[in-house]
Number of protein chains: 2
Amino acid sequence: MSRAEYPVYLQLRDRLWTWIEQEQLCSQQKLPSERELSERFGTTRVTIRQALSQLEAEGLIFRSNRRGWYITPERLRYDPSRDIGFNHYVTEQGFSPRTETLFKELTEMPPWLSEITGLPVGTPIYHVFRRRYVNERGLLVEHNFINPAKCPGLLSESTDLSIWKMLKEQYDLVPDHRDIEIYPLALKGLEAESLNVNQGTAGLYIHRLSFDQEGEFLELDREYWLHDALKISVHVGSRH
Amino acid sequence: MSRAEYPVYLQLRDRLWTWIEQEQLCSQQKLPSERELSERFGTTRVTIRQALSQLEAEGLIFRSNRRGWYITPERLRYDPSRDIGFNHYVTEQGFSPRTETLFKELTEMPPWLSEITGLPVGTPIYHVFRRRYVNERGLLVEHNFINPAKCPGLLSESTDLSIWKMLKEQYDLVPDHRDIEIYPLALKGLEAESLNVNQGTAGLYIHRLSFDQEGEFLELDREYWLHDALKISVHVGSRH
DNA sequence: GCTCCAATCTGGTATATACCAGATTATGGA
DNA sequence: TCCATAATCTGGTATATACCAGATTGGAGC
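What you see is a predicted model, and the numbers here were worked out from it, not measured in a lab.

Asks: Provide a residue-level description of helix α3 (residues 45-58) of chain A, including the pertinent values.
Replies: In a regular helix each residue adds 1.5 Å, so 14 residues correspond to 20 Å; α3 of chain A covers 20 Å between its end C-alpha atoms and thus fits that length. Turning to α3 of chain A, its buried residues number three or more, namely Thr47, Ile48, Ala51, Leu52, Gln54, Leu55, Glu56 and Glu58 of chain A. Elements in contact with the buried residues of α3 of chain A: α1 (8-23), α2 (34-40), β1 (61-64) and β2 (68-71) of chain A together with β7 (177-187) of chain B. At the C-terminal side of α3 of chain A, Gly59 of chain A shows a positive phi close to 90 degrees.

Asks: A description of the relation of the copies chain A and chain B should follow, citing residues and the corresponding values.
Replies: Superposing chain A onto chain B takes a rotation of 180 degrees plus a shift of 0.0 Å along the axis, which leaves an RMSD of 0.0 Å. Considering both components of the superposition, the chain copies are consistent with a two-fold axis. Across chain A, the smallest distance between a C-alpha and the rotation axis is recorded for Pro184 of chain A, namely 3.5 Å. Both copies present the same face, since 100% of the interface residues in chain A are matched by interface residues at the equivalent positions in chain B.

Asks: Tell me about the protein's contact with DNA strand D, residues and numbers included.
Replies: The environment of DNA strand D is made up of 19 residues, and the closest members are Arg35, Arg45 and Arg66 of chain A together with Val8 and Arg67 of chain B. Of all DNA strand D atoms lying within 4 Å of any protein atom, the proportion belonging to sugar or phosphate reaches 64%. At a separation of 2.8 Å, a phosphate oxygen of DNA strand D approaches a polar side-chain atom of Arg49 of chain A. Here a phosphate oxygen of DNA strand D and a side-chain polar atom of Arg63 of chain A are 2.9 Å apart. Counting residues per element, the ones that place at least two in the surface near DNA strand D are α2, α3 and β2 of chain A together with α1 (8-23) and α3 (45-58) of chain B.

Parameters at a glance
Residues numbered from 1 in each chain as written. Chains lettered and ligands numbered in written order. Predicted model: local features only at pLDDT ≥ 70, side-chain atom pairs only at ≥ 80, totals over all residues. Heavy atoms only, no water. Helix = DSSP H or I, 4+ residues; strand = E, 2+ residues; numbered from the N terminus. Expected span 1.5 Å × (residues − 1). Buried < 20%, exposed > 50% of the residue type's maximum accessible area, 1.4 Å probe, protein only. Contact = heavy atoms within 4.5 Å. Least-squares fit on C-alpha atoms with pLDDT ≥ 70 in both. Near = heavy atom within 4 Å. Polar contact = N/O pair within 3.5 Å; in protein donor to acceptor, adjacent residues only side chain to side chain.

Coordinates in, geometry out; function isn't part of it.
Quick look at the structure:
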């Protein structure tokens, strides 16, 4: 039955997609186990996993480490060029945000960062590592490297809210210009562990380097997002 | 040997990475075949494929359909907010660009596009589908939807160069503002075929919707990039 | 030197079968 | 009722083994 045209695992992908629609499974609902699916669709677990991985790549479903497969919620819209806090834009879109500070410390500027900021290696630097949730799904982890010369005592404050807001309100610091980099990568090491996903899971990297009006280094933000979690949306140009 | 701590395919990943460094394989060079690698590293083809897929996700190597594995060239830097032609910025970075027009036609605006542009369904619209290469590796395919009311006769021109440049020089059209969207997705269907990659290969989607000074629809650009091919780089703010 | 075709090489797909490790659930005792 | 622990369920890893289909190569015949 059904020749040549189309490999089995892609046919399975289609059947799973249809099945999910029929069952009206929605955001964050759980799929049956792989063993059950492979029986129900008359194939082996290996092959059903290929089909599931395909749907994962397409962003329809995601896996929660050794717990099972779930329906992916819709993407969060995000504009990295604007200074608006995570909690703010998540709430604005009708979701519920949460932030966990995994660690924060005063450390010394490593060579790679020195190269970016122009400041000498060993300069004191704040380092904050946080995990952010939307509707209790961890979507990203984020490293903030902040220039303590600009905001002494920052680490004694709570970092579970917007750092940007704190910099503005407590230290009167507003970024004047930034360099932004964005590219797809594989989540691995610390970032994969912190998000509780497998090594090599697809992700999106967002890098924001901010300077103040004097052209001095203010902050570097390195965000590691799940690939299916966000949609970057930017408006460029005059009006609107 | 080597217990619990680390799965074999990740160890293999590390060994392959080291091996590639030692051999000093560089951009677009070919790796030995999977069968040869699995023998050389004392494992099965299935497992070596897991390790190779890992390196593929990380962007170190890429596959060319049924031909083999190759070292990924460095990422192309790209600023979607600027109006600068593909050929221009590719050349600028020391690479050699090429564009193929796969088809171009005058058609009618479909519902999904009508929703975005605000123009009625069925309005005439130019549709150009192109493939772009850097150093003879196809990195992206691109759909251009252009408003013919703004540039009658555009399709008789060659579309193998910059459409943006043509709009500017021949029709005096410059986008006044745009909406840009960026997100990771899986390449599939026409886009996967045209880039000669497997269904479900990781990709990056870039969407640029341009309006002229009257606020009227000028052009929609939908780009499908290989995930390992580019690094988006944008400068935001005042000086520099 | 060229063209065409067959042999061969490559990765892609598919099945069967274990066992492992973390997460969850059930159970039984305090 | 609560808590610790054991049983069970889940996806993750690993090996062996086919065969398929597109790409490349090599050689025969012109």
